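Observations on the three-dimensional arrangement
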Amino acid sequence: MALEVESGLGISAKGKRAEHIWRLSIRIGTALAILALSEALPFFDDVISLIGALTNPVLIYLTPIACYIKLKGWRNCSRPSLAGLTLLLAFGLVVSGFGLVETIDDIVKAFRDAR
């Protein structure tokens, strides 16, 4: 995100010293904005857990399987290999389902306790 902001502001064209000051300011501002957001939201840790429960299974299970199949090709994968990949994907979906349910349950409990 910080690199996109820097390129949008044209920071590299402003000289070395100004570039360092701008980059430092953008990074400190980003950190302070995230700190303010985490302090403003009462259940920020649960929201972060929810984001992790939604994104980690894709990163851990789906991406390696998709890369393997893309590199090797559907037609070059044997049936036992595809069956194993399918089982691995199903396992990942079940595990992510449990994690997602637990995270949502924690958020609901936190809202109930806050009232």
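This is a predicted model, so every value here is computed, not measured.

What follows covers the overall build of the protein. When helices and strands are counted, the protein shows four helices and zero strands. Sequence-ordered secondary structure for the protein, helices as α and strands as β, is α-α-α-α. The principal-axis extent of the C-alpha atoms belonging to the protein is close to 60 × 50 × 15 Å. When each of the 115 residues of the protein is scored for burial, the buried share is 18%. By sequence separation, contacts in the protein at least 24 residues apart represent 56% of the contacts at least 6 residues apart. Total accessible area on the protein stands at roughly 8,900 Å², and carbon and sulfur atoms take up 68% of it. Computed over 12 positive and 10 negative side-chain charges, the inter-centroid distance for the protein is 15 Å.

Counted according to the given criterion, the structure contains one aromatic pair. Centroid distance Y61 to F91: 6.1 Å. Interplanar angle 80°. Geometry classified as edge-to-face. Here the residue Y61 occupies a position in helix 3 (residues 44-72), and F91 occupies one in helix 4 (residues 79-114), the gap between them amounting to 30 residues. For Y61, a relative accessible area of 19% puts it in the buried group.

Within the structure shown, the criterion is met by zero disulfides. Left without a disulfide partner, C67 is nearest to the cysteine sulfur of C77, which lies 13 Å away.

This part takes up the pattern of salt bridges. Scanning all chains against the criterion turns up two salt bridges. For E19, the salt bridge is made with R23, and the minimal N-O distance between the two is 3.1 Å. Of this pair, E19 and R23 are both found in helix 2 (residues 16-40), four residues apart, which corresponds to roughly one turn of the helix. The exposure class assigned to E19 is buried, which follows from its relative accessible area of 12%. A salt bridge links K109 to D105, with the shortest nitrogen-to-oxygen separation between them at 3.5 Å. Residue K109 and its partner D105 are located together in helix 4, separated by four residues, close to a single helical turn.

In this model helix 3 runs 41 Å from its N-terminal to its C-terminal C-alpha over 29 residues, within 8% of the 42 Å that 1.5 Å per residue would give. When we look at burial in helix 3, the residues that qualify are F44, D46, G52, A53, P57, Y61, I65 and I69. One or two positions beyond helix 3, positive phi appears at G73, with a value near 95°.

Definitions and limits used
- Residues numbered from 1 in each chain as written.
- Predicted model: local features only at pLDDT ≥ 70, side-chain atom pairs only at ≥ 80, totals over all residues.
- Heavy atoms only, no water.
- Helix = DSSP H or I, 4+ residues; strand = E, 2+ residues; numbered from the N terminus.
- Buried < 20%, exposed > 50% of the residue type's maximum accessible area, 1.4 Å probe, protein only.
- Contact = heavy atoms within 4.5 Å.
- Areas by Shrake-Rupley, 256 points an atom, 1.4 Å probe, with all protein chains shown as cover.
- Lys, Arg positive; Asp, Glu negative; His and termini not counted.
- Charge placed at Lys NZ, Arg CZ, Asp CG, Glu CD.
- Phe/Tyr/Trp six-rings, centres within 6.5 Å; stacked < 30°, edge-to-face > 60°.
- Disulfide = S-S within 2.5 Å.
- Salt bridge = Lys/Arg side-chain N within 4 Å of Asp/Glu carboxyl O.
- Expected span 1.5 Å × (residues − 1).

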